[in-house]
Structures are given as C-alpha cells and as structure tokens.
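Residue-level listing of the chains:
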Amino acid sequence: MAVAARIDPKTFFTPDEWAGLSTRSSWKGLALIAHAWAVIFAAAAVAVVWPITIPFAVMIIGGRQLGLAILMHDAAHGALHRNLKVNDWAGEWLTSGGLSRYRPYHLTHHKFAQQAEDPDLVLSAPFPITRTSLRRKIVRDLTGQTWFKQRFGDFRARLKARKAGEPVLPIVLEEVRRKRRFLAGAVATIALTAPFGLWWAWFVLWLLPQATWLQMITRLRNIAEHACVARDEPDPLRHARTTTANLVERALIAPYWVNYHCEHHMFMHLPCYSLPKAHRLLRAKGVTERMETAPSYFAVLKKAASKGQPTAVPA
C-alpha cells in the first residue's frame, strides 16, 4: 500500500516557529465553536424579526453548519483542545457530531492522500467534468436531492430490499435509532419555539440551510481541496490545494481557514487557527510557489469544469 509522503516540519520552520504554530490552545477551539453557534443564532434571530432576510440567513447558517463540521474535523486531529478528553467531548457534542466514526476514516485519507487507497479519492477522481455536469450537481445540491440521498438513501434501499411479509417497523425503528440525534434536535427545537408561534424556525432556519446551501458549499470545498490534483502524486506539497478566499467567501463558503488545505495536509495536526500563519511563513520562505494553490474558488471551479472546453492556442 502506497503511503503518502510526509514532511518534517524542521524542513521549513525553525524550532521557535514550529512551537508557535503547533501549540494547542485550551480556549481558541472552544471560542470558535461558540462563534459558530453565535452566528447561527444571530442570523436566525434577524430572520425571525425580518423574514425578508431569510435567504441570507440560509447562506450564513449553512456556512456555519460547515464551520461546525470543520471544527469537528479539527477535533479528529486532536487539535481542538490541548486536553484530548475535552477535545473529543467538544468535537462530538458541540459541533456537527459523528467524531468517533469520522476519525478513522479521515486519518486514512491523510495516510494515503491522493493514492489508490485514499477513501476520498472517489470525490476527486471524476474531475475535470463538463460545465453541464457541474451545474446538474449544484442543482441537486440546492434542491435538497443530495441531502435526501445521503440521509435517507440507505433507509430507502433497505425498504426496497425488504422481503415479502417482512415487517416494516424494525427497519423504521433502526432508522430512528440511527437518526436519534437529528430527530432529538428537531423535536427539542420545535418544542421550544412553537409556544412563541415559531414552529417553522427549525425547518426554515436549520433544515433548509442543511439540506441546500451546506450541500453545495461542501461540494465546492471538496472540489477546491483535491479536484484536478494528480493521482499518486509523490510530492507532499501537492497532495491538496490551498485556495485564496476573500472575506465574503470566508463568511459563506470557507469558514475557519478551511481554504488552507495544502498546509493542512503538509502539517495535519496544526490547529485550523494556525494555518494562516503557517501560510505566511511558507510564503516568506518561497515555499508556496512549489505548493498546489489557486487564486480563487472561481478559478478552481473553472478548472474543475473544463472538460470539453476549447484550450487556448498560443499566438
């Protein structure tokens, strides 16, 4: 099995520089979680008072839902808190959840990044695709089709595979068990908001962003990180892509420095809040010129949807 090449931090950083980057805070990760939830509640409150802002709230809340998933991802690397027990508890219960299932899968992705054994290779292998294909994927994301397939595809398949006379109830109960966190959150939120006439808030200000905007920006994030990156790439500076993100992109599609994905793969245990500084240090040392980078998300999407497009002929 081809394990992806690794980088010794001493290759690029002095001991003092590396110590400043790799030291894990006991409060920064928790503060980021608090920030994500504060933004979600603030956007929801504004939407309740001024319903005309609901489309913007959907985008903002969906972006922070991705942010919570990114912070859970940090917890998978033990980077959310210096105490591993606190790290794992916060990563499981204060973010998007699923840490115990996600960690082994994701660390396998890092171990075999862009190699044949990489479990995430299926996400990047099809690229480049046509513009029409990308548009279809985005339409499926924004209409909730992707969410439904991911959430209930297995349940639907189990119902279809049910033998004649086999009872439905055990299959339904198993699905409820699997979705108990999601369902409990829905019931609790509706119970708390319904007395104030806001029974609709969970559906519009949590489920709708999760089923639409979150699905699209998760796809854009996956494309930016690994699409059109060479398979079996031997250079650890080119296993993933760092994409320059402006303020709007950071707010809506690339929260908590997720765009510094090349640095993350180079030094996978760095906390997310250390990645911008790592990028600045690497740029000052001339290393970023050797890394896989993109000037914008638009540039990445253009490259990812370039199949069938005419190539420019040099004059």
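Everything below is about the structure printed above this text.
To start, this report covers the structure provided alongside it. The shown structure was predicted, so the numbers you read here are calculated from the model rather than taken from an experiment. Along each chain, the written sequence defines residue order, and numbers are assigned to residues from 1. This being a predicted model, a pLDDT of at least 70 is required before a residue's local features are given, and a value of 80 or more before pairs of side-chain atoms are given or counted; all residues contribute to the totals for chains, interfaces and linings. Hydrogens and water are ignored here; the side-chain numbers use all heavy atoms of the structure.

### Description of the overall build of the protein chain
Regarding its fold elements, the protein chain presents 16 helices and two strands. For a compact globule of 315 residues, the expected C-alpha radius of gyration is about 20 Å, and the protein chain comes in at 21 Å, within 12% of that figure. With the C-alpha coordinates aligned to their principal axes, the bounding extent of the protein chain is approximately 60 × 50 × 45 Å. In this description, contact between two residues means that some pair of their heavy atoms is separated by no more than 4.5 Å. Sequence separation of at least 24 residues holds for 72% of the intrachain contacts in the protein chain that already meet a minimum separation of 6. Counting only carbon and sulfur atoms, one obtains 65% of the accessible surface of the protein chain, whose full area is about 16900 Å². Across the protein chain, 41 positive and 22 negative side-chain charges occur, with their mean positions spaced 6 Å apart. Secondary structure is summarised from DSSP: a helix means a run of H or I of at least four residues, a strand means a run of E of at least two, and numbering begins at the N terminus for each. Using C-alpha atoms as the atom set, the radius of gyration is obtained and then compared with a globule rule of 2.2 Å times the number of residues to the power 0.38. Where accessible areas are quoted, they stem from the Shrake-Rupley method and a 1.4 Å probe; at the residue level, only the protein chains shown are allowed to cover. Charge counting follows a simple rule: Lys and Arg are positive, Asp and Glu are negative, and His as well as the terminal groups are ignored. By convention, the point assigned to a charge is CZ for Arg, NZ for Lys, CD for Glu and CG for Asp.

### Remarks on helix α8 (residues 145-160)
Expected span of a helix, by definition, is 1.5 Å for each gap between consecutive residues, and there is one gap fewer than residues. Its 16 residues give α8 an end-to-end C-alpha distance of only 19 Å, which falls more than 12% under 22 Å, the value for a rise of 1.5 Å per residue. Where α8 bends most, at Phe152, the angle is about 60 degrees. Accessibility here uses a 1.4 Å probe with only protein chains present; expressed as a share of the type maximum, an area under 20% marks a residue as buried, one over 50% as exposed, and anything in between as partly exposed. Residues Thr146, Trp147, Phe152 and Phe155 constitute the buried set of α8. The bend at a residue is defined as the angle formed between two axes, one fitted to the seven residues ending at that residue and one fitted to the seven starting there.

### Observations concerning unusual backbone geometry
Glycine aside, the phi torsion of most residues is negative, and most peptide linkages are trans. Of note, the bond from Phe127 into Pro128 is cis; its omega dihedral lies within 30 degrees of zero at 5 degrees. Note that Pro128 resides in the loop between α6 (121-124) and α7 (131-142). Positioned with a positive phi, Cys228 is a non-glycine residue whose angle comes to about 65 degrees. Inspection of the secondary structure assignment puts Cys228 in the loop between α12 (213-226) and β1 (242-243).

### Points about the side chain of His279
Within the fold, His279 resides in helix α15 (residues 275-284). Apart from the residues lying within four places of it in its own chain, the contact partners of His279 are Thr242, Tyr260, Glu263 and Thr288.

### Quick word on the pattern of salt bridges
It is possible for side chains of opposite charge to pair when their charged atoms get near one another. For this document, the term salt bridge refers to a Lys or Arg side-chain nitrogen within 4 Å of an Asp or Glu carboxyl oxygen. The final tally for this structure, using the stated rule, is twelve salt bridges. The salt bridge involving Asp88 is made with Arg103; its shortest N-O contact spans 2.7 Å. Of the two residues, Asp88 is situated in helix α4 (residues 84-93) and Arg103 in helix α5 (residues 99-111); the sequence distance between them amounts to 15 residues. A residue is classified by how much of its surface remains accessible, and Asp88, at 24% relative accessible area, is partly exposed. By relative accessible area, Arg103 is classed as partly exposed at 22%. With its nearest N and O atoms 2.7 Å apart, the salt bridge here joins Glu292 to Arg238. On the criterion of sequence distance, the pair formed by Glu292 in the loop between α15 and β2 (293-294) and Arg238 in the loop between α12 and β1 is long-range, its members being 54 residues apart. Via salt bridges that share partners, Arg158, Glu175 and Lys179 belong to a single interconnected network.

### Thoughts on the nonpolar core
Residues enter a nonpolar core if they are buried and are Ala, Val, Leu, Ile, Met, Phe, Trp, Tyr or Cys, with the set joined through side-chain atoms within 4.5 Å. Grouped together as the largest cluster of nonpolar side chains are 47 residues, with contacts concentrated most on Ile61, Leu71, Leu205, Trp213, Ile223, Ile253 and Tyr256. Of all the secondary-structure elements, those providing two or more residues to this core are α2 (28-49), α3 (54-76), α11 (201-211), α12 and α16 (297-304). Among the elements that make up this core, the one with the highest residue count is α3 (eleven residues). Every residue in contact with Ile253, bar those within four places of it in the chain, is listed here: Leu66, Trp213, Ile217, Val248 and Tyr297. Membership of the second largest hydrophobic core comes to 16 residues, among which are Leu21, Leu237, Cys262 and Leu275.

### With respect to the packing of aromatic side chains
Within 6.5 Å between ring centres, the rings of Phe, Tyr and Trp (the latter by its six-membered ring) count as paired, and their orientation is classed by plane angle as stacked under 30 degrees, edge-to-face over 60, tilted in between. With the rule as written, the count across this model stands at eleven aromatic pairs. Judged by centre distance (5.8 Å) and plane angle (20 degrees), the rings of Phe13 and Trp18 are stacked. When its relative accessible area of 5% is taken as the criterion, Phe13 is described as buried. Residue classification places Trp18 among the partly exposed positions, given a relative accessible area of 25%. Ring geometry for Trp147 against Phe152: centres 5.6 Å apart, planes inclined by 75 degrees, an arrangement best described as edge-to-face. Each member of the pair, Trp147 together with Phe152, is buried. Throughout this description, the term charge over a ring refers to an Arg CZ or Lys NZ atom that lies within 6 Å of the ring centre and within 35 degrees of the ring normal. One Lys or Arg, Arg64, reaches over the ring of Tyr256 and ends 4.9 Å from the middle of that ring. Sitting above the plane of the Phe182 ring, Arg151 keeps its charged end 4.7 Å from the centroid.

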